[in-house]
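The residues making up each chain are set out below.
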Amino acid sequence: MPDVFADLVGQDEAVATLRHAAAAAAAVLRAAHPAAVGSGQAEVEGQPGVDPGAGMTHAWIFTGPPGSGRSVAARAFAAALQCAYGTGCGECPGCHTTMTGTHADVRLVVPEGLSIGVGEMRALVLRAASTPSGGRWQIVIIEDADRLTEAAGNALLKAIEEPPPRTVFLLCAPSTHPDDVSVTIRSRCRVVPLRQPPAAAVAEVLVRRDGIAPDVAQWAAAAAQGHVGRARRLARDPEARQRRDAVLAVPRRLTGVGAALDAASALIEAAEAEAEASVAEADAAERAALQTALGAGGTGRGAAGAMRGAAGQLKDLEKRQKSRATRAQRDALDRALVDLAGFYRDALTMALRAPVAPVHTDTAAMAEAGAQKWDAEGALRRLEAVLECRAAIEANVKPRIAVEAMMLTLWKG
Ligand SMILES: [Zn+2]
């Protein structure tokens, strides 16, 4: 039976660290309550000479490129900490409820907008300080910890500096660069670096867990460049494949200034449409829920005051939704840019005659033609233009301006 770490693709070193820490954490609990926790497990208990707690700490940061499985790792570790056997067996109620997101002592924070605010963080820190109801650990997982506002980061830092004895914070961020995680938070956390999993490992998990045909899995794993979730979507979702095809048709279309600007518009509009589709359902559901909660249509004394409060809440909701839509748009655009970068990387490796497999097998012929026309230098300039565009958007340059500049370079070289 696969345990909770089974889906952590190609991350043997990180998994070893986390298993060790989970065992150490279980030892801490046994030392505190020899009778209550871990009874009946005398065989795994009492390894002489092991300091209970060595290898376990209260704050962790999982780093790695998008798709490497930061949040998968954090959740698996949380399950192992809540596991009745301290191993992450995958079968006990502690493992099961953590993995399905229903464990009472595991909170997952997923920022909906561009950043996690201070109010949200304060409430979370407060609740995290309470005694775990299941008798093990109180765990807070913060996805995209790089999207904390400064004030929220400070609220979190206070909790990490003086952690309640049974509270564990699991942060996920692209890297430990000061832009992503403040130096002070970083200094209080243990870092678990994850790497970009090799395509073969991604393909293997798509076949084993998702039942995808091996040839489709291999193609999707290569095209997704080590991003497990993206590979799964490409393998399963025809719309995701169509969007990718449209992006990879861009290089062929760049025949002049007008065409380059048209391509920029098309790319931006496609990202907007994709983002709109992805948030529309959640937006409508939230608005309906809020209106029901506020009892829309009330009259009489007090109703006017209630309506003023309601207007404020509705405005709040709209603000959150707008911020979420902006993020969805940026994420969609970024996925397109990653696909495009893969194409120019293929052209570059072909021009260099490097013995590596292409990212996009289905556009390999076009990349080969590009390699002959541009040489290595021209391919590199184009690859750099795509990477610069991503960096510019990340640094808040208006997407249209960044994408237009990129398209012009992709055309001219
Ligand atoms: Zn378990």
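Residues numbered from 1 in each chain as written. Predicted model: local features only at pLDDT ≥ 70, side-chain atom pairs only at ≥ 80, totals over all residues. Heavy atoms only, no water.

## Digging into the overall build of the protein
- The helix and strand tally for the protein stands at 15 helices and five strands.
- C-alpha extents for the protein along the principal axes are approximately 75 × 70 × 40 Å.
- Put simply, the protein has 413 residues, and 43% of those count as buried.
- Contacts in the protein between residues at least 24 apart in sequence constitute 74% of all its contacts with a sequence separation of at least 6.
- Per element, the accessible surface of the protein, about 20600 Å² overall, is 55% carbon and sulfur.
- Averaging the positions of the 46 positive and the 47 negative side-chain charges in the protein gives two centres separated by 4 Å. (Helix = DSSP H or I, 4+ residues; strand = E, 2+ residues; numbered from the N terminus. Buried < 20%, exposed > 50% of the residue type's maximum accessible area, 1.4 Å probe, protein only. Contact = heavy atoms within 4.5 Å. Areas by Shrake-Rupley, 256 points an atom, 1.4 Å probe, with all protein chains shown as cover. Lys, Arg positive; Asp, Glu negative; His and termini not counted. Charge placed at Lys NZ, Arg CZ, Asp CG, Glu CD.)

## Observations concerning the pairing of strand 1 (residues 59-63)
- Among the five residues of strand 1, five are classified as buried, and the element is accordingly described as predominantly covered.
- Burial along strand 1 is two-sided: A59, I61 and T63 and W60 and F62, pointing in opposite directions, are all buried.
- The pairing of strand 1 with strand 4 (residues 167-173) spans five bridges and is parallel. Residue W60 lies in a different strand from strand 4, and its bridge partner there is L170.
- Bridge count for strand 1 against strand 5 (residues 190-193) is four bridges, and the pairing is parallel. From the neighbouring strand, I61 faces strand 5, where its bridge partner is V191. (Pairing = 2+ DSSP bridges.)

## Side note on the nonpolar core
- Ranked by internal contacts, the top residues of the largest apolar core, which has 37 residues, are L267, Y344, V403, M406, M407 and L410.
- Elements with a minimum of two residues in this core: helix 10 (238-248), helix 12 (257-294), helix 13 (303-351), helix 14 (364-394) and helix 15 (399-412).
- Non-local contacts of M406, meaning those with residues more than four positions away in its chain, are made with L267, L337, L340, A385, V386 and C389.
- The next biggest cluster of nonpolar side chains, apart from the first, holds 34 residues, and it includes F5, F77, C95 and V106. (Core = buried A, V, L, I, M, F, W, Y, C linked by side-chain atoms within 4.5 Å.)

## Quick word on the pattern of salt bridges
- The tally for this structure, following the rule as stated, stands at 20 salt bridges.
- We note a salt bridge from D144 to R327, for which the minimum N-O separation is 3.1 Å. With D144 in the loop between strand 3 (138-142) and helix 5 (150-161) and R327 in helix 13, this residue pair connects regions lying 183 residues apart in the sequence. With respect to burial, D144 and R327 carry one shared label: buried.
- Of the charged contacts in the structure, one is a salt bridge between R390 and D334, with a shortest N-O distance of 2.8 Å. You can see R390 sitting in helix 14 and its partner D334 sitting in helix 13, a full 56 residues away along the chain.
- Three or more residues are tied together by salt bridges with common partners; here these are D7, R209, D210 and R232. (Salt bridge = Lys/Arg side-chain N within 4 Å of Asp/Glu carboxyl O.)

## With respect to the sheet that holds strand 1
- Read from one edge to the other, the open sheet built from five strands follows the order 2-3-4-1-5, with strand pairing classed as parallel. Lying at the two open borders of the sheet, with one neighbouring strand each, are strand 2 (106-109) and strand 5. On average, adjacent strands in this sheet sit at an angle of 15° to one another, irrespective of strand direction.
- In this structure, strand 2 lies alongside strand 3, joined through four bridges in parallel fashion. In the sheet register, R107 faces strand 3, and the bridge partner there is V140.
- Against the sheet, helix 4 (residues 118-128) touches strand 2, strand 3 and strand 4, its axis set at about 155° to strand 3. (Axes fitted to C-alpha atoms, helices over the stretch in contact; angles between N-to-C directions.)

## Regarding helix 5
- Compared with the 16 Å implied by 1.5 Å per residue over 12 residues, the 16 Å span of helix 5 between its first and last C-alpha is a close match.
- Buried within helix 5 we find A152, G153, A155, L156, L157, A159 and I160.
- Residues of helix 5 that are buried sit in contact with strand 1, helix 4, strand 3, strand 4 and helix 6 (183-188). (Expected span 1.5 Å × (residues − 1).)

## Brief notes about the packing of helix 7 (residues 199-210) against helix 9 (residues 228-236)
- The geometry of helix 7 relative to helix 9 is characterised by a closest axis approach of 10 Å and an angle of 60° between their N-to-C directions. In this view, helix 7 runs oblique relative to helix 9, as classed from their interaxial angle. As for the relative orientation of helix 7 and helix 9, their crossing is right-handed in sense. The segment helix 7 lies against helix 9, with V202, V205, L206, R209 and D210 engaging V228, A231, R232 and R236. (Parallel < 35°, antiparallel > 145°, perpendicular 65-115°, else oblique. Left-handed = near helix turned anticlockwise from the far one by under 90°.)

## Some points on the side chain of R166
- Checked against the element boundaries, R166 lands in the loop between helix 5 and strand 4.
- Buried charge without a salt bridge: R166, with D105 as the nearest opposite-charge side chain at an N-O distance of 8.7 Å.
- Residues within four places of R166 in sequence aside, it is in contact with L29, A32, H33, H58, P132, G135, R136, W137 and Q138.

## As for the environment of V4
- When you line up the elements, V4 lands in the segment before helix 1 (12-32).
- Note on V4: relative accessible area 6%, which makes it buried.
- C-alpha separation for the pair V4 and G88, spaced 84 residues apart in sequence, amounts to 5.3 Å.
- If we ignore the near neighbours within four places in the chain, the residues touching V4 are A76, A79, A80, G88, G90, C95 and M99.

## A word on the packing of aromatic side chains
- Tallied over the full model, the rule gives four aromatic pairs.
- Relative to F77, the ring of W60 lies with its centre 4.9 Å away and its plane at 65°, an arrangement referred to as edge-to-face. In this pair, W60 sits in strand 1 while F77 sits in helix 2 (residues 70-82), placing the two residues 17 residues apart along the sequence.
- When its relative accessible area of 0% is taken as the criterion, W60 is described as buried.
- Grouping aromatic residues by their ring pairs yields a cluster made of W60, F62 and F77.
- Here the guanidinium or amino end of R166 rests over the ring plane of W137, the centre of that ring lying 5.8 Å away. (Phe/Tyr/Trp six-rings, centres within 6.5 Å; stacked < 30°, edge-to-face > 60°. Lys NZ or Arg CZ within 6 Å of the ring centre and 35° of its normal.)

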